[in-house]
Amino acid sequence: MSATAPPATPDKAPSAADERLLRVSPLRRLMGRPELGSVVGAVAVFLFFSVVAESFLQASSFSTVLYAASTIGIMAVPVALLMIGGEFDLSAGVLVTSSALISSMFSYQMTANVWAGVGVSLLVTLTVGVFNGFMLTRTKLPSFIITLGTFLMLTGLNLGFTKLISGTVSTKSISDMEGFASAKEVFASEWTVGDVTLKVTVLWWFVLIALATWILLRTRFGNWIFAVGGGADAARAVGVPVQRTKIGLYMGVAFAAWVSGQHLLFSFDVVQSGEGVGNELTYIIAAVIGGCLITGGYGSAIGSAIGAFIFGMTSKGIVYAEWNPDWFKFFLGAMLLLATLLNAWVRKRAEATR
């Protein structure tokens, strides 16, 4: 007589849980976030300057800090995406100036509506982004070499064309031209509520953060970015369009450079051809402080925003504390080293708990 096994009852759990269904604790999930280190750093910097500078906590001071952070953050967001994709762009700083110069000189020389210059500037700036991405993928040279060459060429073009057309190192005023007022509303307007003055760059910055975060976490293109940053050959082997992805990332940096360039132009009316040199390192620093790895494949748009906010707090906090501004570069370098070490420690802890 054969015995039959008793039927399974719903209240009895299986003896061994499927490891694919294991739940990750909130703490472990938090430890795995690339921007965790930058959040800790931002809190530390905020508390530090709150103690040493009395005016730092004033509403007007906060609006100044936010503006300084936004001018860096607009560029730091696409630069962070590019770094997650495993590449650099050393031409980003001067490309901002190139964008402003093109808008100004085209509008002035053609005596056209300034929006015509803005449109031409967008096309030319995006073309530079396509050039960087195309040269990178075709020549297989490091992005450091490609974009360093673009940086030098743009630096020379900015100065050469400005002196050739304007006769000086700065552009002519276009404030009396048609369309200037409406363009200024889009790129350089501000709103005052009580003691707080918010620049439109803050709005542009928040929109870019939201868009970049959505792309990274909710789209196929975001998966491609992480894949090519982790290893281009492996990504290509599984069908990722590496060339299109990298060109798209460079076009993203170019678009942000166009936005920043138009803000520069419509805020001050005239543009100095030598501006922007060195700013590319600031964008990269903000992305690294925000948790992006130099080797690629790891980081977030939110982290780059926090890195830019730390930069804004430090640059203005030193002023409010009435310290010698010569020390700013020292604090910036110290923050870079500390943030990199902290991010590396957080990442190791996150991998150890998996």
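A few points on the structure. Bear in mind that the values here come from a model prediction, so they are computed numbers and not experimental data.

### Comments concerning the packing of aromatic side chains
1) Next: Enumeration over the complete set of coordinates arrives at 14 aromatic pairs.
2) Next: Considering the side-chain rings of F62 and F309, the 6.5 Å spacing of their centres and the 70 degrees angle between planes classify their relative orientation as edge-to-face. Taken as a pair, F62 in helix 3 (residues 59-84) and F309 in helix 13 (residues 301-320) lie far apart in primary sequence, 247 residues in all.
3) Next: Relative accessible area serves as the criterion here: at 41%, F62 is assigned to the partly exposed category.
4) Next: Given a relative accessible area of 22%, F309 falls into the partly exposed group.
5) Next: These aromatic residues form a ring-pair network of at least three members: W115, F180, F187, W204, F255, W258 and F266.
6) Next: One residue, K199, lies across the ring of Y67, its end atom 5.3 Å from the ring centre.

### Describing a nonpolar patch on the surface
1) Next: On the surface, F131, M153, L157, F161, L164 and I165 cluster together to form a nonpolar patch covering roughly 590 Å² of accessible area.
2) Next: Ranked by the residues each element gives to the nonpolar patch, the list is headed by helix 6 (residues 143-166), at five residues.
3) Next: By the element assignment, F161 lies in helix 6.
4) Next: Classification of F161 by relative accessible area gives partly exposed; the value is 43%.

### Considerations on the packing of helix 3 against helix 13
What describes two packed helices is the angle between their axes and the distance between those same axes.
1) Next: Orientation of helix 3 relative to helix 13, taken along the N-to-C sense of each, is 145 degrees, at an axis distance of 7 Å. Here helix 3 runs over helix 13; the crossing is right-handed.
2) Next: Its residues assigned to classes, the contact of helix 3 with helix 13 shows 16 nonpolar, six polar and one charged.

### Digging into the nonpolar core
1) Next: Within the largest apolar cluster, 80 residues are counted, with the highest numbers of intra-cluster contacts made by M75, W205, F266 and I310.
2) Next: Among the elements that line this core, the one with the most residues is helix 3, at 14 residues.
3) Next: Residue contacts for W205: discarding those within four places in its chain leaves L66, A69, S70, G73, I74, V77, A305 and A308.
4) Next: Listed in part, the five residues of the second largest apolar core include W224, V228, A235 and V242.

### A closer look at the pairing of strand 1 (residues 190-193)
1) Next: As judged from the four bridges shared by strand 1 and strand 2 (residues 196-199), these two strands associate in the antiparallel manner. Paired with W191 across the two strands is L198, which belongs to strand 2.
2) Next: Between strand 1 and strand 2, which pair antiparallel one after the other, the connecting turn spans two residues, and G194 there sits at a positive phi close to 65 degrees.

### Concerning the environment of G117
1) Next: Mapped onto the secondary structure, G117 falls in helix 5 (residues 114-139).
2) Next: Of the residues examined, G117 reaches a relative accessible area of 0% and is grouped as buried.
3) Next: The spacing of G117 and S99 is 18 residues in sequence and 9.7 Å in space, taken between C-alpha atoms.
4) Next: Look past the residues within four positions of G117 in its chain and what remains in contact with it is S103, F106 and S107.

### Topic: the pattern of salt bridges
1) Next: Evaluated as defined, the whole model comprises three salt bridges.
2) Next: The closest approach of N and O atoms between E87 and K246, which form a salt bridge, is 2.4 Å. Separated by 159 residues along the polypeptide, E87 in the loop between helix 3 and helix 4 (92-110) and K246 in helix 11 (residues 242-268) bring together distant segments of the chain.
3) Next: Residue E87 is classed as buried on the basis of its relative accessible area of 8%.

Rules used in this analysis
- Residues numbered from 1 in each chain as written.
- Predicted model: local features only at pLDDT ≥ 70, side-chain atom pairs only at ≥ 80, totals over all residues.
- Heavy atoms only, no water.
- Phe/Tyr/Trp six-rings, centres within 6.5 Å; stacked < 30°, edge-to-face > 60°.
- Helix = DSSP H or I, 4+ residues; strand = E, 2+ residues; numbered from the N terminus.
- Buried < 20%, exposed > 50% of the residue type's maximum accessible area, 1.4 Å probe, protein only.
- Lys NZ or Arg CZ within 6 Å of the ring centre and 35° of its normal.
- Patch = residues over 30% accessible without salt bridge, like charges linked within 9 Å, V, L, I, M, F, W, Y side chains within 5 Å.
- Areas by Shrake-Rupley, 256 points an atom, 1.4 Å probe, with all protein chains shown as cover.
- Salt bridge = Lys/Arg side-chain N within 4 Å of Asp/Glu carboxyl O.
- Axes fitted to C-alpha atoms, helices over the stretch in contact; angles between N-to-C directions.
- Left-handed = near helix turned anticlockwise from the far one by under 90°.
- Nonpolar A, V, L, I, M, F, W, Y, C, P; charged D, E, K, R; others polar.
- Core = buried A, V, L, I, M, F, W, Y, C linked by side-chain atoms within 4.5 Å.
- Contact = heavy atoms within 4.5 Å.
- Pairing = 2+ DSSP bridges.

Spatial relationships are all this shows, so hold off on functional conclusions.
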